[in-house]
There are 2 protein chains.
Amino acid sequence: MALPTSVRIREVGPRDGIQSEKAEVSTADKVKLIDALSDTGLRLIEAVSFVSPKAIPNMADSRQVWEAITKREGIVYSALVPNRKGAEIAAEVGVDSMQVFIAASDGYNLRNVKKTVEESIADVAEVAEVARSSAIPLEGTISTAFGCPYDGDIAPERVVEVTRWMSELGIRTISYGDTTGMGTPRRVREVIEALRSDTPEVELNMHFHDTRGTGLANVLTALELGVDYFDASIGGMGGSPYADGATGNIATEDLVHMLEDMGISTGVDLGALLEAARVAQSFIRGPLPSKVLKAGPRNH
Amino acid sequence: MALPTSVRIREVGPRDGIQSEKAEVSTADKVKLIDALSDTGLRLIEAVSFVSPKAIPNMADSRQVWEAITKREGIVYSALVPNRKGAEIAAEVGVDSMQVFIAASDGYNLRNVKKTVEESIADVAEVAEVARSSAIPLEGTISTAFGCPYDGDIAPERVVEVTRWMSELGIRTISYGDTTGMGTPRRVREVIEALRSDTPEVELNMHFHDTRGTGLANVLTALELGVDYFDASIGGMGGSPYADGATGNIATEDLVHMLEDMGISTGVDLGALLEAARVAQSFIRGPLPSKVLKAGPRNH
């Protein structure tokens, strides 16, 4: 059981993390955070989202953020887009990569975008068309892949089905979201094994939450199955919808800290990452969930 | 790679958890907590500690706690003891099992009991003698087994060496403590493999902390190596010495929640466990680190 010797980490704090914050975050603070993240060795940063400003007020200044950040050579700055309109803005401003999302469960998708999953596929198709015509790489996200707070357990076959729909539209790198932290090592293993067997053409990214403490255990399971591409959020930004102080995304520094101690290269400098986490902490209300930020690295 | 189908969990909150609390906890609250834990299906509860009341003020009423708790048939209520004096009190009150401790590292042992590890072995021998003569089962604890905040990384060979010293005294069940949360899956694997190879006569218990987010990932690694005996603390009581709000022990409810969803039987009722966690929360200052207590079980 050889683990990967290196992994890629996509930093989602500036988008996924800040999106969930109740307090308004200023454009200047967002830019400061992204610029700090660009100094860490991270090569993939989900920077902005072109969504309805009514739905997600904290992303309303995405154009301004995009224009103001310092874009470093060698870093892919991506944007999340829900539909054709968002994709067209992303193409217009010239993002390096786009990401389009859908849920595995109707219950979640209906609450998120007022459509069933199958109905949402039409939006995904339109985004794929815009991405292709503007020659911008496109990745997919399938949320609630390990459980849905409304529909309960999600069968791995269902995750495969939704993956097939995306794959048929040419989306060949897909992120699987444990949106409300219902994943455990058993479920992660079942989903990955089903995908490897039934949609081997798709490259897998795992997007885990630590809502119930299983975040890094799930990472370990995915590593054991050869997955080498993970999402994480600086400081663990992006709390759980369940309760104040509950944890959402795994913290980038906790992930890097564990992987580097396991001899798995991330290309990220932990000290610089902790600096970026302190930038995030400067504008986020309440303590960030990150553990390494609180306790410091194991040898310090 | 078949995981164990069932595991034993020793609840350490009443001792290890409360011991670390800065605020004084009343005898009545301790008794209430232990009685609540006795209602959960847990079969092993570390209830008290016969240590110097000057060193650990929150354990000064251990005799009173011991007398007042309702001892349920089938539950092993144990006491931690540091030396002959503690062991004699434990024997006198009639505990079901004793636990004696030592560190893997001199740096930690010197700060904890002002002796090197080798010097402490004399105390362990005396405890073993008392346990034997009073026919009370004795287990050992080796702390800092995955890293020491003073001495840094600990070689697995050193953990084996200290294990041998204990084993030669007849202690054949030993708990390995990740005292300040420096363990990662790689180190856990290295230590367990070394112990399995060099001291196969010893039954292993793993005592993990979640200080840097690796608590349940370390549990998963141990499970994969066949370990089926774990410590955990209700509510995650017993914070990290590093920072206010930092996490120490893994929470019993987080452990049970993950294991049961993986089809690994614990014999523990999660609902009753959450009730006990709420009892703990009623007298602990600040929010407990437990995640399932905040977010609720995955299907609720």
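None of the values given here were measured: they were computed from a predicted structure. (Residues numbered from 1 in each chain as written. Chains lettered and ligands numbered in written order. Predicted model: local features only at pLDDT ≥ 70, side-chain atom pairs only at ≥ 80, totals over all residues.)

**Re the overall build of chain A**
Right, on to step 1. Check the secondary structure of chain A and you find 12 helices and 8 strands.
Right, on to step 2. Against the 2.2 N^0.38 benchmark of 19 Å for 300 residues, chain A shows a C-alpha radius of gyration of 18 Å, consistent with a compact globule.
Right, on to step 3. Oriented by its inertia axes, the alpha-carbon framework of chain A measures out at about 50 × 45 × 35 Å.
Right, on to step 4. Taken across its 300 residues, chain A has 56% of its residues classed as buried. (Helix = DSSP H or I, 4+ residues; strand = E, 2+ residues; numbered from the N terminus. Rg over C-alpha atoms; globule rule 2.2 N^0.38 Å. Buried ≥ 20, exposed ≤ 12 C-beta atoms within 10 Å, placed from the backbone.)

**Some details on the environment of alanine 272 of chain A**
All names here are of chain A.
Right, on to step 1. Tracing the backbone through its elements, the reader meets alanine 272 in helix H11 (residues 270-283).
Right, on to step 2. For alanine 272, a count of 16 C-beta atoms within 10 Å puts it in the partly exposed group.
Right, on to step 3. Once the C-alpha coordinates of alanine 272 and proline 53 are considered, the two residues, 219 residues apart in sequence, prove to be 32 Å apart.
Right, on to step 4. Ignoring sequence-local partners within four residues, the contact set of alanine 272 consists of Asp39, Thr40 and Gly41. (Contact = placed C-beta atoms within 7 Å.)

**What to know about the interface of chain A and chain B**
Right, on to step 1. On the chain B side, the residues contacting the 37 residues of chain A number 37 residues.
Right, on to step 2. When contributions to the side of chain A that touches chain B are tallied by element, the ones reaching two or more residues are helix H8 (185-198), helix H9 (215-224), helix H10 (252-261) and helix H12 (292-295) of chain A.
Right, on to step 3. Here the side of chain A that touches chain B is composed, by residue class, of 13 nonpolar, 16 polar and 8 charged. (Nonpolar A, V, L, I, M, F, W, Y, C, P; charged D, E, K, R; others polar.)

**Some thoughts on the relation of the copies chain A and chain B**
Right, on to step 1. Turning chain A through 180° and shifting it by 0.0 Å along the axis lays it on chain B, with an RMSD of 0.0 Å. Those values place the two copies in the arrangement expected of a two-fold rotation axis. Across chain A, the rotation axis passes nearest the C-alpha of alanine 217 of chain A, at a separation of 1.9 Å.
Right, on to step 2. Of all interface residues in chain A, 100% are interface residues in chain B too; the two copies therefore contact each other through one and the same surface. (Least-squares fit on C-alpha atoms with pLDDT ≥ 70 in both.)

**As for unusual backbone geometry**
Most peptide bonds take the trans configuration, and most residues that are not glycine carry a negative phi.
Right, on to step 1. The backbone of alanine 135 of chain A shows a phi angle near 55°, a positive value even though the residue is not glycine.
Right, on to step 2. Along the polypeptide, alanine 135 of chain A turns up in the loop between helix H6 (117-133) and strand S5 (138-143).
Right, on to step 3. Backbone geometry at lysine 114 of chain B places phi at a positive 60°, although glycine is not the residue there.
Right, on to step 4. As for its position among the elements, lysine 114 of chain B is in the loop between helix H5 (106-113) and helix H6 (117-133).

**Section: H6 of chain A**
Right, on to step 1. Its 17 residues place the ends of H6 of chain A 24 Å apart at the C-alpha level, agreeing with the 24 Å of an ideal helix rising 1.5 Å per residue.
Right, on to step 2. Once H6 of chain A ends, the next one or two residues include alanine 135 of chain A, with phi positive near 55°. (Expected span 1.5 Å × (residues − 1).)

**Let's talk about the pairing of strand S7 (residues 203-207) of chain A**
Right, on to step 1. When you tally the buried positions in S7 of chain A, you get 4 out of 5 residues, the bulk of the element.
Right, on to step 2. With respect to chirality, the unit in which strand S6 (residues 173-177) of chain A leads through H8 of chain A into the neighbouring parallel S7 of chain A is right-handed. (Right-handed = clockwise from strand over helix to strand, strands pointing away.)

**A short note on the pairing of strand S2 (residues 44-49) of chain A**
Residue and element names in this part refer to chain A.
Right, on to step 1. Counting buried residues in S2 gives 5 out of 6 residues, a clear majority hidden from the surface.
Right, on to step 2. Relative to S2, strand S1 (residues 8-11) runs parallel, the two being bridged by 2 bridges. Bridged to glutamate 11 within S2 is isoleucine 45.
Right, on to step 3. Pairing analysis gives 5 bridges linking S2 to strand S3 (residues 76-81), with the strands arranged parallel. Looking across to S3, one finds that serine 49 is bridged to leucine 80. (Pairing = 2+ DSSP bridges.)

**Structural notes on the packing of helix H2 (residues 27-37) of chain B against helix H11 (residues 270-283) of chain B**
Residue and element names in this part refer to chain B.
Right, on to step 1. Where H2 meets H11, the axes come as close as 8 Å, and the angle between the chain directions of the two elements is 170°. Judged by the inter-axis angle, H2 sits roughly antiparallel to H11. In this structure, H2 contributes Asp29, Lys32, Leu33, Ala36 and Leu37 to the contact, and H11 contributes Glu275, Ala276, Val279, Ala280 and Phe283.
Right, on to step 2. Split into classes, the residues belonging to the contact of H2 with H11 amount to 7 nonpolar, no polar and 3 charged. (Axes fitted to C-alpha atoms, helices over the stretch in contact; angles between N-to-C directions. Parallel < 35°, antiparallel > 145°, perpendicular 65-115°, else oblique.)

**Topic: the environment of leucine 44 of chain B**
All names here are of chain B.
Right, on to step 1. Note that leucine 44 resides in strand S2 (residues 44-49).
Right, on to step 2. On the basis of neighbour count, leucine 44 is assigned to the partly exposed category, with 19 C-beta atoms found within 10 Å.
Right, on to step 3. Leucine 44 sits 35 residues away from isoleucine 9 along the chain, and the two C-alpha atoms are 6.7 Å apart.
Right, on to step 4. In this view, leucine 44 contacts Arg8, Ile9, Arg10, Glu11 and Val76; residues no more than four positions away in its chain are not counted.

**Quick word on the confidence of the model for chain A**
The predicted coordinates should not be examined in detail at positions where pLDDT is low.
Right, on to step 1. Chain-level statistics for chain A give a pLDDT mean of 95 and a share of 99% at 70 or above.
Right, on to step 2. Per the prediction output, this complex has pTM 0.97; the corresponding ipTM is 0.96. (pLDDT = per-residue confidence, 0-100.)

**Focus on H6 of chain B**
All names here are of chain B.
Right, on to step 1. Among the residues making up H6, those that are buried are Val117, Ser120, Asp123, Val124, Val127, Ala128, Val130 and Ala131. Along the axis of H6, the buried positions cluster into a sector of 160°, meaning they face one direction only. The exposed set on the far side of H6, more than 90 degrees from its buried face, consists of Ala122, Arg132 and Ser133.
Right, on to step 2. On its buried face, H6 sits against strand S3 (76-81), helix H4 (84-93), strand S4 (97-103), H5, strand S5 (138-143) and helix H7 (156-168). (Arc of directions from axis to C-beta.)

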